Amino acid sequence: MIEHPVDSDSETPADVAIAGEGTATPIGVKLGSNRTTIVFREDGARETVQALSCLTVPDNPAASDTRVHYGETAARRFPERTEYVLQSGLPADATSGRQTEQFFDALCTEYDLPADSAVVYAIPSVPDECGLVNLSTVVDRSAVGEVLTRGFPESLCGSIPALGDGVEAVDQIFVALNLGATTFEACAYRHGDRQAPFSTDDATGRSVDWAIVDAVEEETDGAVTLDRETAREYKETHADFDSYEPFSDTVEHPDGGTHEFTVEHGVMGPLDAYLDDVVDALDTGFFSRLANRHLKTYQLALTRPLVVTGGMACVPGLADELAGRLGERLGRDVTVVTPDRPDTAAAEGAYRIAERLVADD
């Protein structure tokens, strides 16, 4: 069972389940609300695969055709029957848990991941005990991880690729920020121990998506109402704090006509507000908690770059803009460091931990 209490200052490793002996295949997994990432080795080469965390739900479970489609295929071919299995970042209930099992099993089967593997999961630090229990059930029933299964904080896993070629992060003192789709997490790490973990759902990637929906509708005087998936695509394709350029798109009306429109501020306006919310959460929430509980770590961490990971960190210029705004708020210079792929960094870090655990076995 994976346990990861967000409000405790316990040591970094989550609860452990180990079974079997012998050489295992290392695998790193991040089950994400928008996308799931798996890192593994095949034919001597490291592979990183991603899939939208969704699957089709049959209209009639008693029908003869109840085949499950998942990921991009499900979202593209059956949008009306597709559900995201981890909408809150963890399986919210038994139904979500079963759907997550189906989705993860299908993904493992497609890439022929071996049962005799050592799997490390990147786990969000959120105050959702029910969700963590449901996730533990998914992990326990998975066809992979028979040799070893571990869970580590997502923010730590994501920081590992940003701070070295191995797992040097576990020996350093730093603050990690995880800018995720359903949560914003901040945590200090001191030689592998996490301190003052903080999370909020007030500043998230999904809240930005819905804000883009509202902003585009307002900008077009109500002529255009986007769905959230289109808003997310706008964000991932066009958002840029360094050199944003307005863009045009066309929608079809029910009467058969089309309407072309230009997005001037409907993307960057919500992102600008999002960064203000992140700075507020850091200033009044996380850093004040860290200073009160661990003053020495607070002082040391602010002399080092903040590690910024998560899907929102993929927006060009966002991390540097965050550093500038936070520096103004705190009255001191703030620098940031990001991994090459902020959106896959958590699974990559989990994979490196799995490699180390297999080597030390």
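Note on numbering: residues in each chain are counted from 1, in written sequence order. Confidence filtering applies because this is a predicted model: local features only for residues at pLDDT of at least 70, side-chain atom pairs given and counted only at 80 or more, and all residues used for totals across whole chains, interfaces and linings. Side-chain measures were taken over the full set of non-hydrogen atoms in the model, leaving aside hydrogen atoms and water.

Draft legend 1. Spotlight on the overall build of the chain. Counting secondary structure elements, the chain contains 10 helices and 15 strands. As defined in this context, the radius of gyration uses C-alpha atoms, and a globule is described by 2.2 Å times the residue total to the power 0.38. For the chain, the C-alpha radius of gyration of 21 Å lies close to 21 Å, the compact-globule estimate for 361 residues. Relative accessibility under 20% of the residue-type maximum defines a buried residue, over 50% an exposed one, and the middle range a partly exposed one, all with a 1.4 Å probe and only protein chains included. Sorting the 361 residues of the chain into buried and exposed places 52% on the buried side. When checking whether two residues touch, look at their non-hydrogen atoms; a contact exists if any pair is within 4.5 Å. For the chain, the share of sequence-separated contacts (at least 6 apart) that also reach a separation of at least 24 residues comes to 69%. Secondary structure elements are taken from DSSP: a helix is a run of H or I of four residues or more, a strand is a run of E of two residues or more, and numbering for both begins at the N terminus.

Draft legend 2. Representation of the environment of Val-224 within the structure. Position of Val-224 among the secondary structure elements: in the loop between helix H5 (205-219) and helix H6 (228-238). Spatially, the C-alpha atoms of Val-224 and Phe-247 are 14 Å apart, while their sequence positions differ by 23 residues. Apart from the residues lying within four places of it in its own chain, the contact partners of Val-224 are Val-216, Glu-217, Val-251, His-259 and Phe-261.

Draft legend 3. Local environment of the sheet that holds strand S11 (residues 193-200). When DSSP finds two or more bridges between a pair of strands, those strands are recorded as paired. Here we have 5 strands laid out as an open sheet, ordered S11-S10-S9-S14-S15, and mixed in their pairing. Of all strands in the sheet, those bounded by a partner on one side alone are S11 and strand S15 (336-337). Strand direction decides the pairing type here: strand S9 (residues 173-179) and strand S14 (residues 306-309), joined by 3 bridges, are parallel. Residue pairing across strands places Ala-176 opposite Val-307, the latter belonging to S14.

Draft legend 4. Quick peek at the side chain of Arg-325. Along the chain, the position of Arg-325 falls in helix H9 (residues 318-330). Exposure remark for Arg-325: the relative accessible area of 16% places this residue in the buried category. Polar contact is defined as a pair of N or O atoms within 3.5 Å, subject to the rule that within protein one atom must be able to donate a hydrogen and the other to accept it, and that residues adjacent in sequence are counted only when both atoms are side-chain atoms. At a separation of 2.9 Å, a polar atom in the side chain of Arg-325 contacts the side chain of Asp-276. Aside from chain neighbours lying at most four places away, what touches Arg-325 is Phe-241, Asp-272, Leu-275, Asp-276 and Val-279.

Draft legend 5. The arrangement of the packing of aromatic side chains in detail. The pairing test for Phe, Tyr and Trp rings, Trp by its six-membered ring, is centres within 6.5 Å, and the orientation test on the planes gives stacked under 30 degrees, edge-to-face over 60, and tilted for anything in between. Scanning all chains against the criterion turns up 8 aromatic pairs. Taking 6.2 Å as the distance between ring centres and 65° as the angle between the ring planes, the aromatic pair formed by Phe-104 and Tyr-121 counts as edge-to-face. Taken together, the residues Phe-104 in helix H2 (residues 94-110) and Tyr-121 in strand S7 (residues 117-123) connect sequence positions 17 residues apart. Residue Phe-104 shares its accessibility class with Tyr-121, and that shared class is buried. Taken together, the ring pairs connect Phe-286, Phe-287 and Tyr-298 into an aromatic cluster. Remark: a charge is flagged as sitting over a ring if the NZ atom of Lys or the CZ atom of Arg is within 6 Å of the ring centre and within 35 degrees of the ring normal. Directly above the ring of Tyr-84 sits Arg-206, whose terminal nitrogen or CZ lies 5.8 Å from the centroid.

Draft legend 6. Just the layout of surface pockets, in detail. The definitions used throughout rest on a 1 Å grid laid over the protein atoms alone, on which a cavity is an enclosed set of points accommodating a 1.4 Å probe that cannot get out and a pocket is an open set flanked by protein within 12 Å on both sides along at least five of seven lines; lining residues are those having an atom within 4 Å of a point. Grid points are joined across faces, edges and corners, and a volume is the space filled by probe spheres set on the points. Each pocket or cavity is described by its volume, and for the largest pocket that value is around 570 Å³. Lining the largest pocket we find 32 residues, and of these Ala-181, Gly-310, Gly-311, Met-312 and Asp-343 sit closest to its centre. Classifying every residue of the lining of the largest pocket by side-chain character gives 11 nonpolar, 14 polar and 7 charged. Roughly 300 Å³ of volume is contained in the second largest pocket. Along the walls of the second largest pocket sit Leu-52, Ala-75, Pro-79, Thr-82, Tyr-84, Gln-87, Arg-206, Trp-210, Arg-228, Glu-229, Arg-232 and Glu-233, which together make up its complete lining. Going through the elements one at a time, strand S6 (82-84), H5 and H6 are the ones with two or more residues in the lining of the second largest pocket. Nonpolar residues are Ala, Val, Leu, Ile, Met, Phe, Trp, Tyr, Cys and Pro. Charged residues are Asp, Glu, Lys and Arg, and all others, Gly as well, are polar. Grouping the amino acids of the lining of the second largest pocket by side-chain chemistry returns 5 nonpolar, 2 polar and 5 charged.

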